[in-house]
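# Architecture and fold: a report
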Amino acid sequence: MTLRVLAAMSGGVDSAVAAARAAEAGHEVTGVHMALSSNPQSYRTGARGCCTLEDSRDARRAADVIGIPFYVWDLAERFDRDVVADFVAEYAAGRTPNPCLRCNEKIKFAALLDRALALGFDAVCTGHYARLEDGVLRRGVDEGKDQSYVLAVCTPEQLAHAMFPLGDTTKADIRREAERRGLRVADKPDSHDICFISDGDTRAFLAERLGTAPGPIVDTSGEVVGEHQGAYAYTVGQRKGLRIGHPAPDGRPRYVLDISPVDNTVTVGPREALDVDEIVGERPVWLAPPLTGPRDCHVQLRAHGEVYECTAEPDGDRVRIRLRRPARGVAKGQAAVLYDGDRVIGSATIALTTRVPA
C-alpha cells in the first residue's frame, strides 16, 4: 500500500537513508527539516548537532538526490517551550532530564506528527534505530545504536503513524548504503551532546538562565564540606567538578548523592551510597496492555545504559520497579523503560529512588 509519508530530515546520514528507503518502497515521500532555533547559528556548528543552517542545507541536498520535495518547517517556538524551557525547569527542580527523549515526545511525534496528519500525510518517517512490527516497538538490531529507549515515551497512537526504516540495519551498513546512493552525508559525523547548547557547557548554559544561587554541599552526616553556586549544576552520580576543598576522612572520592532544590543543598558521599534497588516512576506510557499486577521484565534507566532484571507493578497512577541487583547513580527525571526481551512494554519518568534495607 502506498502511503503519503513525511520524512523528518535532520541533515544527517540516518534520516537521509530512511527517506531514501521510504521512497524506494514506493511511498509518496516529502522531506521536511525542522528549524528548531530562531537563530540557528547560535546552536551547534560543524555537524555536531541537528539544528544548524549547515544541517538544513545537507538535508536539502539529500532530498534533491533522492528526488523528493523538500520543505523547512519553523518549530522554533514550540522547541524552545517544550524542550529547552523544560530542560531548564527540570534542572532547577533537582532532576536530570533527557532532552532528546523530550524532543521525540513533544516535537517529532506531537508537533510534527500533528501537522503532518492535518495535511493529509499517513505517517512520519525518521532515522531512528528501532523496529515497529505490527504496532510493537522493538529494539534495533544494532545494539550500539538502538534508540527504542528514547522512543518509549511515544503513545501507541503516535507509533501507529511512525516509520523507522533503519531498525533492521547496522550503522556501518547505513553509511555504506548512503555512499552507494550518492548521498554526501555518508561520512558526516553523528551529532553529540545537547544540540541547543552551542559550546557544550551545560553548567554555563543553566547559570545564564537561572543565575547564581550559592548553597551548601554537605556529606551524609549533614556536615558542610563545600559551597556551590547553583544546585542545578549537579547531577546524581557526578564526581568531577564538586569543588570541595578537602578530601573525605577516609580519602575516598565523593559523589553527588542528592540535589534538594527546596533548601538548595547538594549531598555528597561514597560511591556505594549511589546504589538503589527500588524505583518509582510517574506518568507511565504503556505500549503493551497496562500492568495489572507484578510482572518480571527488564528495565533500562538511561540511554544506551545497562539493562537490569526487575519486577514491575502498578502503584496507583505510578509504577514501582524492584531491581534484582542494585543500580548505581540513578537520576530522577530520567526515563525507566521496561522491556520484555527486545519488546518495549512501556516507560515512566523516574520520580523516586530508594535502597531497601537488607
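Everything here concerns the structure above.
Keep in mind that this is a model prediction, so the values were computed, not measured. (Residues numbered from 1 in each chain as written. Predicted model: local features only at pLDDT ≥ 70, side-chain atom pairs only at ≥ 80, totals over all residues. Heavy atoms only, no water.)

A tally of helices and strands in the protein yields eight helices and 17 strands. Over its C-alpha atoms the protein spans a radius of gyration of 22 Å, differing by no more than 12% from the 21 Å that the globule rule assigns to 358 residues. Taken along its principal axes, the extent of the C-alpha atoms in the protein is 65 × 50 × 35 Å. Partitioning the contacts of the protein with sequence separation of at least 6, the portion at a separation of at least 24 is 65%. As displayed, the protein offers around 16500 Å² of accessible surface, 48% of which is attributable to carbon and sulfur atoms. (Helix = DSSP H or I, 4+ residues; strand = E, 2+ residues; numbered from the N terminus. Rg over C-alpha atoms; globule rule 2.2 N^0.38 Å. Contact = heavy atoms within 4.5 Å. Areas by Shrake-Rupley, 256 points an atom, 1.4 Å probe, with all protein chains shown as cover.)

Where helix α3 (residues 76-92) contacts helix α4 (residues 99-118), the axes come no closer than 10 Å and their chain directions differ by 160°. Relative to α4, the element α3 lies roughly antiparallel. Here α3 runs over α4; the crossing is right-handed. Where α3 abuts α4, its residues Arg78, Phe79, Asp82, Val83, Asp86 and Phe87 lie against Pro99, Arg102, Cys103, Lys106, Ile107, Ala110 and Ala111. Partitioning the contact of α3 with α4 into residue classes produces eight nonpolar, no polar and five charged. (Axes fitted to C-alpha atoms, helices over the stretch in contact; angles between N-to-C directions. Parallel < 35°, antiparallel > 145°, perpendicular 65-115°, else oblique. Left-handed = near helix turned anticlockwise from the far one by under 90°. Nonpolar A, V, L, I, M, F, W, Y, C, P; charged D, E, K, R; others polar.)

Once that is clear, we can look at the side chain of Thr126. Structurally, the position occupied by Thr126 is in the loop between β4 (123-125) and β5 (130-133). Not counting residues within four places of it along the chain, the set of residues in contact with Thr126 comprises Ala8, Ala18, Phe109, Met163, Phe164 and Pro165.

Turning to helix α7 (residues 171-180), a few remarks are in order. Of the positions making up α7, those classed as buried are Lys171, Ile174, Glu177 and Ala178. Each buried residue of α7 lies within a common arc of 115° when the element is viewed along its axis, so the set occupies one face. Counted as exposed and oriented over 90 degrees from the buried face of α7: Glu179 and Arg180. Lining the buried residues of α7 we find α1 (13-24). Gly182 sits one or two residues past α7 and shows a positive phi near 80°. (Buried < 20%, exposed > 50% of the residue type's maximum accessible area, 1.4 Å probe, protein only. Arc of directions from axis to C-beta.)

So, about the sheet that holds strand β11 (residues 265-269). The strand order across the open sheet formed by four strands is β9-β8-β11-β10, and the pairing between neighbours is mixed. Each edge of the open sheet carries a strand with a single partner, namely β9 (224-228) and β10 (255-260). Ignoring strand direction, the axes of neighbouring strands in this sheet form an average angle of 25°. In terms of strand pairing, strand β8 (residues 215-218) meets β9 through four bridges, oriented antiparallel. Across the sheet, the residue bridging to Val218 is Val224, located in β9. (Pairing = 2+ DSSP bridges.)

On to the sheet that holds strand β1 (residues 4-8), then. Here five strands make up an open sheet; going across it, the order is β3-β2-β1-β4-β7 and the pairing parallel. Only two strands of the sheet have a single partner each, and these edge strands are β3 (70-74) and β7 (162-163). Sheet analysis places strand β2 (residues 28-35) next to β3, joined by five bridges and oriented parallel. Opposite Gly31, over in β3, you have Phe70 as the bridge partner.

With that settled, the discussion passes to the environment of Pro189. Following the sequence through the fold, Pro189 ends up in the loop between α7 and α8 (202-210). Along the chain, Pro189 and Ile217 lie 28 residues apart, while their C-alpha atoms are 39 Å from each other.

In terms of burial, strand β12 (residues 275-286) is a largely internal element, nine of the 12 residues being buried. As paired strands, β12 and strand β15 (residues 318-328) are joined by six bridges and run antiparallel to one another. For Ile279, the partnering residue across the bridge sits in β15 and is Ile321. Summarising the sheet, β12 and strand β17 (residues 343-354) pair through seven bridges and their orientation is antiparallel. Bridging from a neighbouring strand, Glu278 pairs with Thr354 of β17.

Looking now at the nonpolar core. Counting 44 residues, the largest nonpolar core has Phe79, Phe87 and Phe196 as the members making the most contacts within it. Taken together, the elements giving at least two residues each to this core come down to β1, β2, α3, α4, α8, β10 and β11. Setting aside residues up to four positions removed in sequence, Phe87 forms contacts with Pro97, Pro99, Ile194, Phe196, Ile197, Thr202, Phe205 and Leu206. Counting 25 residues, the second largest nonpolar core, distinct from the first, contains Ala7, Phe70, Cys125 and Ile174. (Core = buried A, V, L, I, M, F, W, Y, C linked by side-chain atoms within 4.5 Å.)

Time to look at the pairing of β2. Most of β2 is tucked away, with seven of its eight residues classed as buried. Sheet analysis places β1 next to β2, joined by five bridges and oriented parallel. Across the sheet, the residue bridging to Val5 is Val29, located in β2. Handedness of the β-α-β unit built from β1, α1 and β2 comes out right-handed. (Right-handed = clockwise from strand over helix to strand, strands pointing away.)

None of the figures reported here should be taken as evidence of function without further support.
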